[in-house]
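Structure assessment
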There are 4 protein chains.
Amino acid sequence: MIEIGRAKRAQQVYGFDDIAIVPTRRTRSPQDVRLNWNIDALTFEFPIVAAPMDSVMSPATAIAFGQMGGLGVLNLEGLWTRYEDPEPILDELAEISDAVAATERMQQVYAEPVKAELITERMNQIRDAGVPVAGALSPQRAQEFASVVERAGVDFFVIRGTTVSAEHVSANEEPLNLKEFIRKLDVPVIVGGCATYQAALHLMRTGAAGVLVGFGGAATGRTRHVLGVEVPMASAVADVAAARRDYMDESGGRYVHVIADGALGRSGDIAKAIACGADACMVSTPLARAEEAPGRGWHWGPEAWHGTLPRGERVRMGRVGSLEEIVLGPSHTPDGTMNLVGALRKAMGTTGYTEVKEFQRVEIVVHA
Amino acid sequence: MIEIGRAKRAQQVYGFDDIAIVPTRRTRSPQDVRLNWNIDALTFEFPIVAAPMDSVMSPATAIAFGQMGGLGVLNLEGLWTRYEDPEPILDELAEISDAVAATERMQQVYAEPVKAELITERMNQIRDAGVPVAGALSPQRAQEFASVVERAGVDFFVIRGTTVSAEHVSANEEPLNLKEFIRKLDVPVIVGGCATYQAALHLMRTGAAGVLVGFGGAATGRTRHVLGVEVPMASAVADVAAARRDYMDESGGRYVHVIADGALGRSGDIAKAIACGADACMVSTPLARAEEAPGRGWHWGPEAWHGTLPRGERVRMGRVGSLEEIVLGPSHTPDGTMNLVGALRKAMGTTGYTEVKEFQRVEIVVHA
Amino acid sequence: MIEIGRAKRAQQVYGFDDIAIVPTRRTRSPQDVRLNWNIDALTFEFPIVAAPMDSVMSPATAIAFGQMGGLGVLNLEGLWTRYEDPEPILDELAEISDAVAATERMQQVYAEPVKAELITERMNQIRDAGVPVAGALSPQRAQEFASVVERAGVDFFVIRGTTVSAEHVSANEEPLNLKEFIRKLDVPVIVGGCATYQAALHLMRTGAAGVLVGFGGAATGRTRHVLGVEVPMASAVADVAAARRDYMDESGGRYVHVIADGALGRSGDIAKAIACGADACMVSTPLARAEEAPGRGWHWGPEAWHGTLPRGERVRMGRVGSLEEIVLGPSHTPDGTMNLVGALRKAMGTTGYTEVKEFQRVEIVVHA
Amino acid sequence: MIEIGRAKRAQQVYGFDDIAIVPTRRTRSPQDVRLNWNIDALTFEFPIVAAPMDSVMSPATAIAFGQMGGLGVLNLEGLWTRYEDPEPILDELAEISDAVAATERMQQVYAEPVKAELITERMNQIRDAGVPVAGALSPQRAQEFASVVERAGVDFFVIRGTTVSAEHVSANEEPLNLKEFIRKLDVPVIVGGCATYQAALHLMRTGAAGVLVGFGGAATGRTRHVLGVEVPMASAVADVAAARRDYMDESGGRYVHVIADGALGRSGDIAKAIACGADACMVSTPLARAEEAPGRGWHWGPEAWHGTLPRGERVRMGRVGSLEEIVLGPSHTPDGTMNLVGALRKAMGTTGYTEVKEFQRVEIVVHA
């Protein structure tokens, strides 16, 4: 603990940029590395989840991502559930280069109501393609659309907000009782973000299958500027990983997956997140650079369109290659933006690991 | 304590940029958050004071700020008390883009004497609008104009300088005896800046209703370059908050308000200041970006026009929206420059707090 | 050890930029400084090895570097062993300014197979010039070409990869058994990179004459972005120097040379590497700025042309002078890019040292 | 002590940019501040010495600086003692904008021999103006020109090099025996740079009246890039101040002045140097910005023209005002480049000090 001043103390925390992974005395062939991620009844080829952000996931890219072996999550409060055909809106947004104008236009287009029938339609479309189906709602609207989502037959129900707590208190509205909500649902729930041991432990006790660590969308998020709230990801993941271990003990063996969600802009960050204790990573920035990405070279999160207090900005990402090249390679750029899966495989092999679970124990260092 | 070299030790200190607020395991609805600030006999809607700087506060903006529910303070040694009509001068300054030329012109226009009748006139104008009245003087001239200000009927008397001490010693002039001065005055006094536990404790013992922490105008101030003097704000506020607690004990219960004054460029900084122990924040930079701001897109503090040793620079701020949008929202920018009150409300709710006083205890972290 | 979060701890580490050398109470004349480097049967005029990178070492520059008194190493999997005449390819690459296009073209031209007869021819050419001969292979292909290299009569066999371990495990291929491989070879082996005490100790036990510390090519390498793997050089060298000492004890007196390989962009970095415990430095960036450098003002390492996961970028270096001016002076630039040998001599003299081995004990400081 | 790696430890050190001065609970009027500096038989109006650099000190500016109340030192191995009329050369250098071309031309013009008769002439010129006379030689040539300088009747003899030790050892030349040299001289000697407790203590034992701390010319010096050698100034001054105290005890009361020489680019740095324990500051960068400065808006130190290993660069400074405005004010810039004396006076008053010697004890903080 550090003394800020006589009346205040604070913990020192670290982000992925502050740390690095250290090789051991062994190396392994990348081909020997096993990346499978088993959560609930499903197994994925690699521990990467595509984030429910409109600039990244459309029904089409969710399907493509699922076909490559990952889990794509559609935002159920995004343009695809507000508009029958959001393509013209995406085209229009891509044409606006001024930041303030873009924020104002997003505030307008996202004012269109979410439609239950579009939720059903989008979920069906993904399920019909034969890939795992997952949709995300904010905690504020989870209850309103839960039955629609459940009936649509999803594999995962994602509740994702900037900060989601197990215990939300409100004087004027009936808050979401997460524990009750999850117990009633027939599908596994992934919930977050959270950023501390205590918050994560309480989320785990609600019965969630996985918790999201972080506030999401670090490339686009400005929560630190607007609210002053921030928890650098390396420390957040390492804290929540401790909650997983303690909850497993407390619950008599229930393993809740820790999914890093934020500050994962390059392939090396994915390796670092696992090195800090994550079981999987929810990725957005690298996917926003795909030619197929609905953002058309731009990237933004749900915080960007808040009506009175936007806390995210739309960021120009450009396009580096196809979604497949970005996820599975081959890469033509040396900066960690392509071949995410190959890079994780190589990072593990080069430091002597073949199992993701073991790689959580790899040595890391802090670089001033 | 850190060893700088064998003959010198130093404390490690932190600014708002070095720290961040951490969510707890609870969240609260922003609507449930109570922001009222009670000081002396008055209650304000939110704990934000507009700084007595000519680029921010004119009689008109002080009135507007007061009508929104805050406390606007007019600089009684600024252009509005030196000139019957300072608008042409403000127009002229806004046209000068060269930094040195601007400093030289400011040195000239501020050489015009302060006029007692203009102090009276400006204070009357604000009081007539039905909002709380507050004017600021430097410690050097507080005695000279005190009776004028008092007769004008202010609600708060602000004594504000780069560094104000309870014990100013001078061989050639009769220094201001703060304790005596405050005792004689009929209105509550807010005094500062100070930056350390000891300095604050002595200021509290003078009978002040509030102390200003910091040197003010961080965006424009260059005290660190010119004098080498600086105390990063997070540490300064946390130190002075300890002085408030100890003085309350020593005085048998007198609560002196701690008002952060400096480095508050974004809404998140306001939340951080309170998290470090502030009761309220004196804000300038965000308000300088208002369309109505007298600075016309430029921002400067009293240090900028010193005749022989200017210690502040005039900074181009641009304009992001109306004063009301900046203070109360809605925001159209995701960078913490608009909707200051909404952002504070959200910061508190999202971390589980509904009372400003309790929010002083929220957990913070240091990020390298 | 630092706590990253409850489930993870990490060591704080330092790069050359974080440290500086401190003068003692003595100074010595640069002329009195002895820089000779004795390794195995050979003695070099100065402890600098030219790195096996195509942008730095051609047969011609390896000869020139050897004639100045250093050890030049040719990359035996580079353009000079893939093409009878690589000059047109080097010309072509120098014309490509777009980064992605350059990566893609490099992936193509390096797809051409390595030819055993060219290895022989290049090694002969260097030996015929009367200078020490050294060639580098990756651990993946060391076995394949070992006999060719040995028959060509080299003085040093260099096995160089991003991370080389004494114990590489593979399920599908027969990995290189370094210990056996080195025992059978008739020439001394220099092997690396490694970056930790444990990894280095195991490499020393294979019988190597020297170990390379670092991942090489820091100016061009992006391993930290792609894999998340990085060990800042000052800490890496200081750790491996401890392994040298402990291995010397364990082996009853075998002295394995520690050769820093990476982050040596300026002459001051060479001095810092030795100050951290290195016996010699493998240098690339400064030599890439030579008029004779085959890169024609560009610089890249073997990671730059990986077929599916490139981890290095081609960097524009420009040209500052002749190879001789860069190595032996005189310098016409005050930035540490010329007269590497003179600078090391001056650094040692100015801090009171005349022997490289003693200079490993010079005091250093960390600057925040 | 910090562990860099298992084989190396290091002290953490700090520069002026890392620290700041903290106000106390008192303030004093700047008019009450006494800045006199007494060294040997002389008293100066303020504790600022003008550095012997050709871009700063000509005979004319040395005289002007002396007339203001300070001590100007002429470089006796600079252009003024190599050329009867260096003005055309200064004109020519000012016209060269390319950095390498400037270094090469400086290497040429400084190859002209130093002439004893010009040393005499320049010293006479300054003495005739009625101000204190001081000339600087490098340790390499101190013996050669000592008698010329002494006969010219200087008040201070300055021996200044990048690193000067009390014990210089050389196999091929007769090194300067500082102790003997100083004993024989009839004038007080100021000698440096040094940067550590031990080096300073040994310099003090040679009988010097003052020691220079630092390597000089931080704005232009690149010793850290070329040699890897650097000691951040705050720590260096605080270490040498401890040597002063210990030497005073050891010598039975001899007070050797500690003169900070380097990294003093703004007025605030002068205050910080004294706060770390300096008695006076040797300043160059601020003076290089004077309209009268011989550098004509450029700034360079003796390291810039070394024949084979230049370790300093010529830097474009521009011009902010007259020498008098820079030293004594008034200032028209808020960045610490003007009114150095007024700023020091204000820094001391604002933190409650009236004596330079007491100001060495002012509280400082470290800001990450």
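Now for a quick tour of the structure. These numbers were taken from a predicted model, which means no experiment stands behind them. (Residues numbered from 1 in each chain as written. Chains lettered and ligands numbered in written order. Predicted model: local features only at pLDDT ≥ 70, side-chain atom pairs only at ≥ 80, totals over all residues. Heavy atoms only, no water.)

Describing the overall build of chain A
Operational definition: A run of H or I in DSSP counts as a helix once it spans at least four residues, and a run of E counts as a strand once it spans at least two, with each numbered from the N terminus. Only protein chains enter the accessibility calculation, which uses a 1.4 Å probe; a residue whose area is less than 20% of its type maximum is buried, one above 50% is exposed, and one in between is partly exposed. Pairs of residues are marked as contacts when any of their non-hydrogen atoms sit within 4.5 Å. Reported accessibility uses the Shrake-Rupley method at a 1.4 Å probe radius. Residues are deemed covered only where the shown protein chains occlude them. Just so you know, the count uses Lys and Arg for positive and Asp and Glu for negative, and it drops His and the chain ends. Working definition for charges: the position is that of NZ of Lys, CZ of Arg, CG of Asp or CD of Glu.
Within chain A, the secondary structure is distributed over 15 helices and 19 strands. Residues classed as buried in chain A amount to 66% of the 368 residues present. Long-range pairs, those at least 24 residues apart, make up 68% of the contacts in chain A between residues at least 6 apart in sequence. By element, 45% of the accessible surface of chain A is carried by carbon and sulfur atoms, the whole surface being about 12,100 Å². Between the centroid of the 36 positive side chains of chain A and the centroid of its 46 negative side chains there is a distance of 6 Å.

Structural notes on the sheet that holds strand E19 (residues 364-367) of chain A
For clarity, the threshold we go by: A pair of strands is considered paired only if DSSP assigns at least 2 bridges between the two. Where helices are involved, their axes are fitted lines through C-alpha atoms of the stretch in contact, as for all axes, and angles between N-to-C directions lie from 0 to 180°.
The strand order E3(A)-E19(A)-E2(C)-E1(C) describes an open sheet built from 4 strands, whose pairing is mixed. The open sheet terminates on both sides in strands that have one partner only, identified here as strand E3 (19-21) of chain A together with strand E1 (2-5) of chain C. Ignoring which end each strand starts from, the neighbouring axes of this sheet average 45° apart. Of the pairings in the sheet, the one linking E3(A) to E19(A) comprises 3 bridges and is antiparallel in character. Bridge pairing in E19(A) links Ala20(A) to Val365(A). Against the sheet, helix H11 (residues 267-275) of chain A touches E3 and E19 of chain A together with strand E2 (8-13) of chain C, its axis set at about 90° to E3(A).

What about the side chain of Ser284(B)?
Residue and element names in this part refer to chain B. As for its position among the elements, serine 284 is in the loop between strand E16 (280-283) and helix H12 (285-288). You can call serine 284 buried: its relative accessible area is 7%. Setting aside chain neighbours within four positions, we find serine 284 in contact with Ala51, Met53, Val56 and His299.

Looking at the sheet that holds strand E3 (residues 19-21) of chain C
In spatial order, the strands read E3(C)-E19(C)-E2(D)-E1(D); together these 4 strands make up an open sheet with mixed pairing. Two strands in the sheet have a free side with no partner beyond their single neighbour: E3 of chain C together with strand E1 (2-5) of chain D. On average, adjacent strands in this sheet sit at an angle of 45° to one another, irrespective of strand direction. Direction of pairing for strand E19 (residues 364-367) of chain C relative to strand E2 (residues 8-13) of chain D: parallel, over a ladder of 3 bridges.

Section: helix H1 (residues 59-68) of chain D
Residue and element names in this part refer to chain D. Taking burial as the measure, the 10 residues of H1 include 7 buried ones, the bulk of the element. For H1, the full list of buried residues reads Pro59, Thr61, Ala62, Ile63, Phe65, Gly66 and Met68. Phi turns positive one or two residues past the end of H1, at glycine 69, with a value near 120°.

Describing empty space enclosed by the protein
Just so we agree on the cut-off: Detection works on a 1 Å grid of protein atoms alone, calling trapped sets that fit a 1.4 Å probe cavities and calling open sets with protein on both sides within 12 Å along at least five of seven lines pockets, with lining residues defined by an atom within 4 Å of a point. Grid points are joined across faces, edges and corners, and a volume is the space filled by probe spheres set on the points. Here the term charged refers only to Asp, Glu, Lys and Arg, the term nonpolar to Ala, Val, Leu, Ile, Met, Phe, Trp, Tyr, Cys and Pro, and the term polar to all other amino acids, Gly among them.
One pass over the full model with this rule turns up 3 cavities of 30 Å³ or more. In this structure, the largest cavity encloses a volume near 40 Å³. Along its surface, the largest cavity is lined by Pro23(C), Thr24(C), Thr163(D), Val164(D), Ser165(D), Gly193(D), Cys194(D), Ala195(D), Thr196(D) and Ala199(D). Among the residues making up the lining of the largest cavity, the classes are represented as 5 nonpolar, 5 polar and no charged.

What to know about the interface of chain A and chain C
By a frequent convention, interface size equals the accessible area lost on bringing the separate parts together. The cut-off we apply is this: Once two parts are put together, the accessible area they lose, assessed with a 1.4 Å probe and summed over both, is termed the buried area. Within this document, salt bridges are pairs made up of a side-chain nitrogen of Lys or Arg and a carboxyl oxygen of Asp or Glu, the two lying within 4 Å of each other. N or O atoms within 3.5 Å of each other form a polar contact, as long as, within protein, one can give a hydrogen and the other can take it, and as long as residues adjacent in sequence are counted only when both atoms are side-chain atoms.
Each partner contributes to the interface: chain A provides 53 residues, whereas chain C provides 51 residues. Together, the buried faces of chain A and chain C total about 4,100 Å²; carbon and sulfur atoms form 56% of this surface. Per-residue buried area on chain A facing chain C is highest for Arg25(A), His332(A) and Pro334(A); these three make up 18% of the total on that side. Between the two partners, chain A and chain C, sit 2 salt bridges. At the boundary of chain A and chain C, one finds 26 residue pairs in polar contact (both at pLDDT 80 or more).

Thoughts on the relation of the copies chain B and chain A
The relation between the two chain copies is a rotation about an axis coupled with a shift along that axis. Put simply, the rule reads: Overlaid copies result from least-squares superposition on C-alpha atoms, with residues included only where pLDDT is at least 70 in both.
Laying chain B over chain A is done by rotating through 90° and shifting 0.0 Å along the axis; what remains is an RMSD of 0.0 Å. Considering both components of the superposition, the chain copies are consistent with a four-fold axis. Relative to the rotation axis, the C-alpha of Ala368(B) is the closest in chain B, positioned 5.5 Å from it.

Here we look at helix H3 (residues 87-95) of chain A
All names here are of chain A. Put simply, the rule reads: The arc in question is the one traced by the directions running from the helix axis out to the C-beta atoms.
Those residues of H3 lying buried are Ile89, Leu90 and Leu93. Seen along its axis, H3 keeps its buried residues to an arc of 100°; they face one direction. Close packing links the buried residues of H3 with helix H2 (79-82) and helix H4 (99-109).

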